[in-house]
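Structural overview
So the chains spell out like this:
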Amino acid sequence: MKSYNTKEILFLSICLFNFVFGYSQTSVPETNKKIINISEKFLSKEQIPGMSISISKNDTLIFSQGFGFSDFENKIPVNPSKTKFRMASITKTMTAITIGKLSELNLINPKNSIYYYLDSLPKKKFDFSIAEIGGHLSGIRRVPSAEKYSCDNDYTKKDFYKVFKKDELLFEPSTKFEYSNYGYTLLGILIEKITGKTIIENHSKFIINTIGLKNTIPEQLKKDDETSKFYVEIKNKIENAPCLDCTFKHSQGCYLTTTEDLVVLGNAYLFPDRLLKKETLVELIKSKKLKNGKKTNYGFGFETYKDLNGNYYYGHNGGYLGSRSLLRIYPNSKIVISIMTNRDIQDIDNFATELIKHYITNIK
């Protein structure tokens, strides 16, 4: 076997460094070019007025791009660091994290019955735990019977107990999975009861201010200039989406944010001790099971799946009329991806999977 002198070893080391460094430096731009091409085709195919995509690896932003327009009529381009879209149900992850934090502070035990903390809540045929509510296993229907999402909604917090008494459970808890915004509204009431502060104040204290989300705000009727307009297709024409009422909906949705803020949020869900201890995060993320042993692919506020390429991720999707949002965390490759649009689309999951495979394959 040949032996190498000191100069030869140094030369080989430099060559190896340049090869590795050159690979990582060129692969990111090359992959980003592919992503831009794929995204532009997707935008055109789905007739999306505006879309934003941000991606990080190892907590560093490696792709962030706006496509199309936040205001289609006035041709205002999407800016991924400033243009705010609707988080929609990604907000549920923030409510779950708040419950996790209150658990760490020994103020809530998720295994306890909801009635342990809300003793005046109207009783149902079956008891159910806070964890069952967070995992959509409680049997609570999707939305209250009196609630509307349009701006003629007159259902508010003062109506909750009266309507809850009337709305029966759909099934015995933990025998089925039924996605429930209603359940997360109830979790918001629980959080407010325990802390004496609004759900918005709790989200701000435990999450938004803690990790410095500068463009994440509760949605109100009046929007600022950096908020996208939202669109729907009616008779093959793109038109403004109808008014969305956000009264009493901030524990389940109704937040505005940018894709870059979402990536920061996703990394706080990836790396322990930014928001929660590792064991608390794991408990929220891992899939719950029905009484028959079947996994639901949903933890407490987090979906948990393998994508079509077999890559494990957790996160959440969101969608209201006129918007679609996605946040995925790939823990094995330390990649976080966020996608937001100002029009509802159906194929966002396959689109995200197609994008992410290029980074998992090419970026080491």
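Scroll up to find the structure.
Within each chain, residues carry numbers counting from 1 in the order of the written sequence. With pLDDT at 70 or above as the cut-off, local features in this predicted model cover only qualifying residues; side-chain atom pairs require 80 or more to be listed or tallied, and sums for whole chains, interfaces and linings still use all residues. Heavy atoms from the whole structure form the basis of all side-chain values; hydrogens and water molecules are not counted.

**Some thoughts on the environment of A146**
For clarity, the cut-off: Helix and strand definitions follow DSSP, with helices as H or I runs of at least four residues and strands as E runs of at least two, each counted in order from the N terminus. Relative accessibility thresholds used throughout: buried, under 20% of the residue-type maximum; exposed, over 50%; partly exposed, between the two (1.4 Å probe, protein chains only). By definition, residues are in contact when any of their heavy atoms lie within 4.5 Å.
Here A146 lies in the loop between α3 (130-134) and α4 (160-166). Overall, A146 belongs to the partly exposed group, its relative accessible area being 31%. In sequence terms A146 and Y313 are 167 residues apart; their C-alpha atoms lie 36 Å from each other. Among residues more than four places away in sequence, those in contact with A146 are N153, Y155 and V163.

**Points about the packing of aromatic side chains**
Just so we agree on the cut-off: Any pair of Phe, Tyr and Trp rings, taking the six-membered ring for Trp, is counted once the centres come within 6.5 Å. Such a pair is stacked with planes under 30 degrees apart, edge-to-face with planes over 60 apart, and tilted for the rest.
This structure, assessed with the given rule, holds 18 aromatic pairs. On the numbers, 6.4 Å between centres and 75 degrees between planes, the contact of F72 with Y231 is edge-to-face. Of this pair, F72 sits in the loop between β2 (60-71) and β3 (76-77) while Y231 sits in strand β6 (residues 231-234); the two residues are 159 residues apart in sequence, bridging distant segments of the chain. Judged by its relative accessible area of 1%, Y231 falls in the buried class. Aromatic pair Y116 and Y117: ring centres 4.8 Å apart, planes at 80 degrees, arrangement edge-to-face.

**Topic: the sheet that holds strand β1 (residues 50-57)**
Backbone hydrogen bonds hold the strands of a sheet together, and the pairing may be parallel or antiparallel. Quick reminder of the rule: In short, DSSP must find at least two bridges between two strands for them to pair.
The strand order across the open sheet built from seven strands is β3-β2-β1-β12-β11-β10-β9, with neighbouring strands paired in antiparallel fashion. At either end of the open sheet lies a strand with only one pairing partner, and these are β3 and β9 (303-306). Bridge count between strand β11 (residues 323-330) and strand β12 (residues 335-341): seven bridges; the pairing is antiparallel. Following the sheet pairing, R328 is matched in β12 by I337.

**A look at the pattern of salt bridges**
Filter applied, for reference: What makes a salt bridge here is a side-chain nitrogen of Lys or Arg within 4 Å of a carboxyl oxygen of Asp or Glu, nothing more.
Scanning the entire structure with this criterion turns up 17 salt bridges. K229 serves as the salt-bridge partner of D71, at 3.6 Å between the closest nitrogen and oxygen. With D71 in strand β2 and K229 in the loop between β5 (217-218) and β6, this residue pair connects regions lying 158 residues apart in the sequence. Across the pair E219 and K223 runs a salt bridge, and its minimum N-O distance is 3.2 Å. Classification of E219 by relative accessible area gives buried; the value is 1%. One network of salt bridges, in which partners are shared, links R86, E219 and K223.

**Quick notes on the nonpolar core**
Test applied: Throughout, nonpolar core names a set of buried Ala, Val, Leu, Ile, Met, Phe, Trp, Tyr and Cys residues whose side chains join them through atoms within 4.5 Å.
I114, L186, L265 and Y269 are the most contacted members of the largest nonpolar core, which has 60 residues in total. Looking at which element gives the most residues to this core, the answer is helix α5 (residues 181-195), with seven residues. Other than its neighbours up to four places away in sequence, L186 contacts I114, L118, L121, F128, I133, I140, F160 and F164. By size, the runner-up hydrophobic cluster in this structure holds 26 residues, among which are V28, I337, L355 and I356.

**What about the side chain of T227?**
Short version of the rule: By the criterion applied in these results, polar contacts are pairs of N or O atoms within 3.5 Å in which, for protein atoms, one can donate a hydrogen and the other can accept it, and in which residues neighboring in sequence qualify only through two side-chain atoms.
Structurally, T227 can be placed in the loop between β5 and β6. On the accessibility criterion, T227 (10% relative accessible area) is buried. Side chain to side chain, T227 and D224 meet in a polar contact 2.9 Å long. Setting aside anything within four residues of it in sequence, one finds T227 in contact with K84 and L256.

**Structural notes on unusual backbone geometry**
Most peptide bonds take the trans form, and the phi angle of most residues other than glycine is negative. We note that H136 has phi near 60 degrees; this positive angle belongs to a residue other than glycine. Looking at the secondary structure, you find H136 in the loop between α3 and α4. Accessibility expressed as a relative area gives 1% for H136, which makes it buried. At N297, a residue that is not glycine, the phi angle is positive and equals roughly 60 degrees. Given the relative accessible area of 31%, N297 is considered partly exposed.

Structural measurements only, silent on function.
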